[in-house]
There are 4 protein chains.
Amino acid sequence: MNTFGEHFTFTSFGESHGRAIGGVLDGVPAGLHIDLTLIQSELDRRAGRGKVKGERRKAKGEEVNGGVSPRALRETDEVEWLSGVMDGVTLGTPIAFIIRNSDARPEDYEWLRHSYRIGHADRVYQEKYGIRDHRGGGRASARETAARVVAGSIAKQILAEKNIHIEAKLVQVGEETNAERFDAYIAAIQQDGDSIGGIVECRITGMPIGVGEPIFDKLQAHLAFAMMSINACKGFEYGSGFEGVSKKGSEMYLSENTRLISGGIAGGISDSTPIVFRCVFKPTASNRKTLRREAAGRHDACVAVRAVPVVEAMAAMVLADWHDF
Amino acid sequence: MNTFGEHFTFTSFGESHGRAIGGVLDGVPAGLHIDLTLIQSELDRRAGRGKVKGERRKAKGEEVNGGVSPRALRETDEVEWLSGVMDGVTLGTPIAFIIRNSDARPEDYEWLRHSYRIGHADRVYQEKYGIRDHRGGGRASARETAARVVAGSIAKQILAEKNIHIEAKLVQVGEETNAERFDAYIAAIQQDGDSIGGIVECRITGMPIGVGEPIFDKLQAHLAFAMMSINACKGFEYGSGFEGVSKKGSEMYLSENTRLISGGIAGGISDSTPIVFRCVFKPTASNRKTLRREAAGRHDACVAVRAVPVVEAMAAMVLADWHDF
Amino acid sequence: MNTFGEHFTFTSFGESHGRAIGGVLDGVPAGLHIDLTLIQSELDRRAGRGKVKGERRKAKGEEVNGGVSPRALRETDEVEWLSGVMDGVTLGTPIAFIIRNSDARPEDYEWLRHSYRIGHADRVYQEKYGIRDHRGGGRASARETAARVVAGSIAKQILAEKNIHIEAKLVQVGEETNAERFDAYIAAIQQDGDSIGGIVECRITGMPIGVGEPIFDKLQAHLAFAMMSINACKGFEYGSGFEGVSKKGSEMYLSENTRLISGGIAGGISDSTPIVFRCVFKPTASNRKTLRREAAGRHDACVAVRAVPVVEAMAAMVLADWHDF
Amino acid sequence: MNTFGEHFTFTSFGESHGRAIGGVLDGVPAGLHIDLTLIQSELDRRAGRGKVKGERRKAKGEEVNGGVSPRALRETDEVEWLSGVMDGVTLGTPIAFIIRNSDARPEDYEWLRHSYRIGHADRVYQEKYGIRDHRGGGRASARETAARVVAGSIAKQILAEKNIHIEAKLVQVGEETNAERFDAYIAAIQQDGDSIGGIVECRITGMPIGVGEPIFDKLQAHLAFAMMSINACKGFEYGSGFEGVSKKGSEMYLSENTRLISGGIAGGISDSTPIVFRCVFKPTASNRKTLRREAAGRHDACVAVRAVPVVEAMAAMVLADWHDF
């Protein structure tokens, strides 16, 4: 199904090369002022446009745009609000919005009508549904995440009113962990027609104690679910994560650094210290080298770059879903 | 809440030092023959008793029992079936079962009445609920996982009828990756009064194509949710996982080894190749060194050991929940 | 929340005097041919336009239009399909659609900005949400049911492929039970500036045996839920219904007429005989007499008339939600 | 499925002639004192024992026990608490309980092994599940409602702390509406080996304004769902109900009596006036006349009598499920 959450729910719709993508947000309290400009800037950030929070830079052309696909840069991603908001204030009713697909170029994907791409879900879609929108991956396209970013931006604004802040950033690209070199590294990968993996770290501050449930609905379980639902995400860890395997208990708990270990969650429940988690994104299979085509659609050299605001959006929706804290 | 799944649902109940733990399984088809002996052997495996599938050995006492706590070894964990089964055949009605807590020793935990343990959820529980069953962690105790193993064992039997098999094993303990040395390594850690982390790998074979949904309800998202709901699990990865960060797309997709990358899932949907995922478990904080007490409850040197059947159980419940494939 | 169903889900959005109303249908199988003309004719039926299945007649003006409000007759209710359908065939992805509110006349409702109407939810909305879209009732308006009719029409088409047919009709208006006199009766009520109650009966044929669950999720419970969610519906009964109170068991079960008693459902589960249920609709409070205003918005003399296709739509969604029969 | 509610959830299990029936209540806040004696008296009331709130009288034998079956009178229905409660105080964890089936007499039902009873779900069960516990109806038996009464009694205690009170009573038996004559009337029906229908009215006082949702999750929809899930219930109405069909708007809303019309709910949301609804129960098919057997199990002459506490229990669970009002 295409709905996320139980109390603050987001229903996503739209094919990447159809008329529009969009979503319906339900469970948003009435009377909230929504900053529409902020939402637009989040969308620009996802699209790889503009300079947002320092992690992205001016786009000047394919060579130096940080590995973001030209389609993303061209699209304006303008949100049309259909319901739930009157004069910038929420009504407590479902908020429906759409983003028209102005730059749909189905002809770029014509060659796919009778082919499956390596590393894509083309074949499983065909088998599962007996039908497949071969144009740009249909629902599987990363374009669907634009709707998540709109929804997540509203969730973030709700959380900000409670002084909860979510900030994600790229912490590794390939084997590179020096953020200053990410741009040059990715540009080189792209010029080579290749792609590369990346790790996004997300930090949530201002959490009250008590969010999460002790058994199945642990906070980390919901965060993992949300992150693993993002395209190309292959792993999730929080606190001590995979590195913790080689730690002894005595080492871990008797040090000063217990916050890092817990990752802000104890027994499935937020403990009021910052929540820290990381997600890994694989390199996209849609690059010139892999597909052995020059004009093989329009894709990113490092999908982790544009995943940053999506990680924030999904984390915000997880927290907004615990509506009564 | 204490229910897992939507169609094949498992509701867990019981405090670790109360009268009984147990569960209710709903959505189990009618007419299924259940092998009760198999369920009992899975429970023994979780308890660290007996020799099951080679990964566990005879328990001969605390020093050489592979780091399993004496309580686990003493308890018989006998399942009492209350409903849903008649003469070993399911009725299509809810299957309720209980396991009595024969070995509850609340006096071992008396010192905790006015203390919070390092690395445990004691404090967040007190804050969240205003009340806390200080005896052995109440619901947070790993004992709750015995009920999961019973439910998972039934799920595994349902899957086995469709030729789907799930097998998890310990692949790393501390920095040790040679399975033959795990026992000696863990025994040494325990004798030192310390604890250590571990990684469990799980492999699912016989999957049909088409299980999972393209957007939020990706198969990997449900698996991650299930694993992250297990106590002490700090991370989940599948296919290329975290190692994939340093891979280039050309390297990854043009090699022979694409199955490893996908981990058996494409676009959120099973692709019929084996599903492979890994979970990391941190060292328990409840060891003699950390707590600075000799008689500090009865705990495991490496919780990943007993997590193995729990990982299988949760994976089985995830798959059984997709009831109509 | 604004979502109905669990497997075949319908999410409704839109204020009656905002930009658009609409919905998202999820869980619709891929490859289904949808008859868009049929959906349009269902909408016309709900709007009181055209002659559909004989129960409605040509609208010739306010006096003789069967008590349907002029707004309903003016609006074209044209559906714009945003996603999920390509060349009239479903893609298996969410079907999103909107109906623009072309005839919104907020000025008609200006007098309501500082008033609560008798018999309406104006006051509870204000208390619950702290904000209220006073224009035409916002979400509470019967206009929202247009989106239900679109969704229900798709559900009916899915059911028709399984030879399940749903047909509702008006069986009582006031104390009148002769269908031929309904039009004249309602016209008289309207000319008098008053309103009147009505009963709609719905008959479902072609049901297989086995739809429904024995305990809580009884088929009749889901039908009752769906019907009671329609505006102005004050009661639901099936089979022998309220009349059955005065029947003796011997009388009821030893007669020839046991089908009528069961109403097509036994123990919560369809028994393959026709399902028959009835809903009662109260007179609307929005009439000239009650409001003591001549130009008091534009309302129906007997809301049960236009409830007929809504009853069918909701019944269809209940059945489509049991997706695997 | 066998779970009711989403936040305050009740999972029911157990066959009427198996080892035990029982349930799990989840979402009950921590720190609540539970009056176990009160729960026991509610169970006695459902069983037709004792004098509770005046509507039942001393049982003196089959002839004069108000039409309650001898099995009901013999059974003690003692609740065994398995988890979630410590020293009479809730822990915030799932509350599991069982009631042993001390009086199971499967031999009484032996004749049913190869027969379907008129007016029962025997046949649809066989078709749906391919297996059937012929002994006393298995899950379909009214005995399952004992578990509902336990859960509902806890819900009522939670509501009572918010000054919300629920009281149901029998208001009609056959055509008799004089409560003083009910006992004699039912006794006569029973002596004749027959059965009769009845209507239960339920009144909820102390409701705050604002409980319920405007579109699908209307409060009346949830109440209807809950009532229609009770065995033998054939109809639900609230406020003006079915009688309202013959009312004109002017008559209804300009009278003094608007509270009766609304039934305490406006636009799906509680309006703070008393909620009043009614349910009709058909005569049971299991009487001597219908079955043409003398020793045909042990059944009630008017099931509506024992439905009274079940109606209260279900209403309480509906309201407790709106946990955050």
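Preceding this section is the structure that the text describes.
Residues numbered from 1 in each chain as written. Chains lettered and ligands numbered in written order. Predicted model: local features only at pLDDT ≥ 70, side-chain atom pairs only at ≥ 80, totals over all residues. Heavy atoms only, no water.

**What about the relation of the copies chain C and chain D?**
Right, so step 1: For the match of chain C to chain D, the screw axis carries a shift of 0.0 Å, the RMSD comes to 0.0 Å, and the turn is 180°. Taken together, the rotation and translation describe the operation of a two-fold axis.
Right, so step 2: Of the residues that chain C buries at the interface, 100% are likewise interface residues in chain D, meaning the two copies contact each other through the same surface. (Least-squares fit on C-alpha atoms with pLDDT ≥ 70 in both. Contact = heavy atoms within 4.5 Å.)

**So, the relation of the copies chain B and chain D**
Right, so step 1: When chain B is fitted onto chain D, the two copies agree to an RMSD of 0.0 Å after a turn of 180° and an axial shift of 0.0 Å.
Right, so step 2: By residue overlap, the copies meet face to face through one surface: 100% of the interface positions of chain B are interface positions in chain D.

**Structural notes on the state of the cysteines**
Residue and element names in this part refer to chain A.
Right, so step 1: Tallied over the full model, the rule gives 0 disulfides over all chains.
Right, so step 2: The thiol of Cys-233 is not disulfide-bonded; the next cysteine sulfur, from Cys-279, is found 4.7 Å away.
Right, so step 3: Relative accessible area serves as the criterion here: at 1%, Cys-233 is assigned to the buried category. (Disulfide = S-S within 2.5 Å. Buried < 20%, exposed > 50% of the residue type's maximum accessible area, 1.4 Å probe, protein only.)

**Topic: the environment of Phe-216 of chain C**
Right, so step 1: For Phe-216 of chain C, the location among the structural elements is in the loop between β9 (198–205) and α6 (219–228).
Right, so step 2: What makes Phe-216 of chain C buried here is its relative accessible area of 0%.
Right, so step 3: When the C-alpha atoms of Phe-216 of chain C and Gly-22 of chain C are compared, they prove to be 31 Å apart, with 194 residues separating the residues in sequence.
Right, so step 4: The residues touching Phe-216 of chain C, leaving out its near neighbours within four places in the chain, are Ala-221 of chain C together with Met-1, Asn-2, Thr-3, Phe-4, Phe-10, Ser-12, Glu-144, Arg-148, Phe-225, Ser-229 and Met-314 of chain D. (Helix = DSSP H or I, 4+ residues; strand = E, 2+ residues; numbered from the N terminus.)

**Looking at a negative patch on the surface**
Right, so step 1: Residues Glu-6 of chain A, Glu-6 of chain B, Glu-6 of chain C together with Glu-6 of chain D make up a contiguous surface patch of negative charge.
Right, so step 2: Inspection of the secondary structure puts Glu-6 of chain A in the loop between β1 (3–4) and β2 (9–13). (Patch = residues over 30% accessible without salt bridge, like charges linked within 9 Å, V, L, I, M, F, W, Y side chains within 5 Å. Areas by Shrake-Rupley, 256 points an atom, 1.4 Å probe, with all protein chains shown as cover. Salt bridge = Lys/Arg side-chain N within 4 Å of Asp/Glu carboxyl O. Lys, Arg positive; Asp, Glu negative; His and termini not counted. Charge placed at Lys NZ, Arg CZ, Asp CG, Glu CD.)

**Things to note about the interface of chain B and chain D**
Right, so step 1: Counting residues at the interface gives 37 residues for chain B and 37 residues for chain D.
Right, so step 2: When the shortest N-O distance is used, the salt bridge between Arg-19 of chain B and Glu-80 of chain D registers 3.4 Å.
Right, so step 3: On inspection of chain B and its partner chain D, the count reaches 10 residue pairs in polar contact (both at pLDDT 80 or more).
Right, so step 4: Mapped by element, the contributors of at least two residues to the side of chain B that touches chain D are β2 (9–13), β3 (20–26), β4 (79–83), β6 (89–90) and β7 (95–100) of chain B.
Right, so step 5: Here the side of chain B that touches chain D is composed, by residue class, of 15 nonpolar, 13 polar and 9 charged. (Polar contact = N/O pair within 3.5 Å; in protein donor to acceptor, adjacent residues only side chain to side chain. Nonpolar A, V, L, I, M, F, W, Y, C, P; charged D, E, K, R; others polar.)

**Focus: the sheet that holds β4 of chain B**
Residue and element names in this part refer to chain B.
Right, so step 1: If you trace the 5 strands from one edge of the open sheet to the other, you get β1-β2-β3-β7-β4, paired in antiparallel fashion. Both outer strands of the open sheet, β1 (3–4) and β4, are each paired with one neighbouring strand and no more.
Right, so step 2: Across 2 bridges, β1 lies against β2 in antiparallel orientation. Note on β2: the bridge partner recorded for Phe-4 is Phe-10. (Pairing = 2+ DSSP bridges.)

**A look at the interface of chain C and chain D**
Right, so step 1: Listed per partner, the contact involves 86 residues of chain C and 86 residues of chain D.
Right, so step 2: Contact between chain C and chain D buries roughly 6600 Å² in total, counting both sides, with carbon and sulfur atoms accounting for 65%.
Right, so step 3: Taken together, the connections running from chain C to chain D amount to 0 salt bridges.
Right, so step 4: Counting across the interface, chain C meets chain D through 27 residue pairs in polar contact (both at pLDDT 80 or more).
Right, so step 5: Classifying every residue of the side of chain C that touches chain D by side-chain character gives 36 nonpolar, 30 polar and 20 charged. (Buried area = accessible area lost by both parts, 1.4 Å probe.)

**Notes on the pattern of salt bridges**
It is possible for side chains of opposite charge to pair when their charged atoms get near one another.
Right, so step 1: Scanning all chains against the criterion turns up 56 salt bridges over all chains.
Right, so step 2: Arg-45 of chain B serves as the salt-bridge partner of Glu-42 of chain B, at 3.1 Å between the closest nitrogen and oxygen. Here Glu-42 of chain B pairs with Arg-45 of chain B, and both are found in helix α1 (residues 36–47), just 3 residues apart, close to one helical turn.
Right, so step 3: Among the salt bridges present, the one from Arg-278 of chain B reaches Glu-237 of chain B, with a minimum N-O distance of 2.8 Å. Residue Arg-278 of chain B is found in strand β13 (residues 275–281), and its partner Glu-237 of chain B is found in strand β10 (residues 233–238); the two are separated by 41 residues along the sequence. Each of the two residues, Arg-278 of chain B as well as Glu-237 of chain B, counts as buried.
Right, so step 4: Each of the salt bridges in this network shares a partner with another, and the network as a whole consists of Arg-19, Glu-80 and Arg-100 of chain A together with Arg-19, Glu-80 and Arg-100 of chain C.

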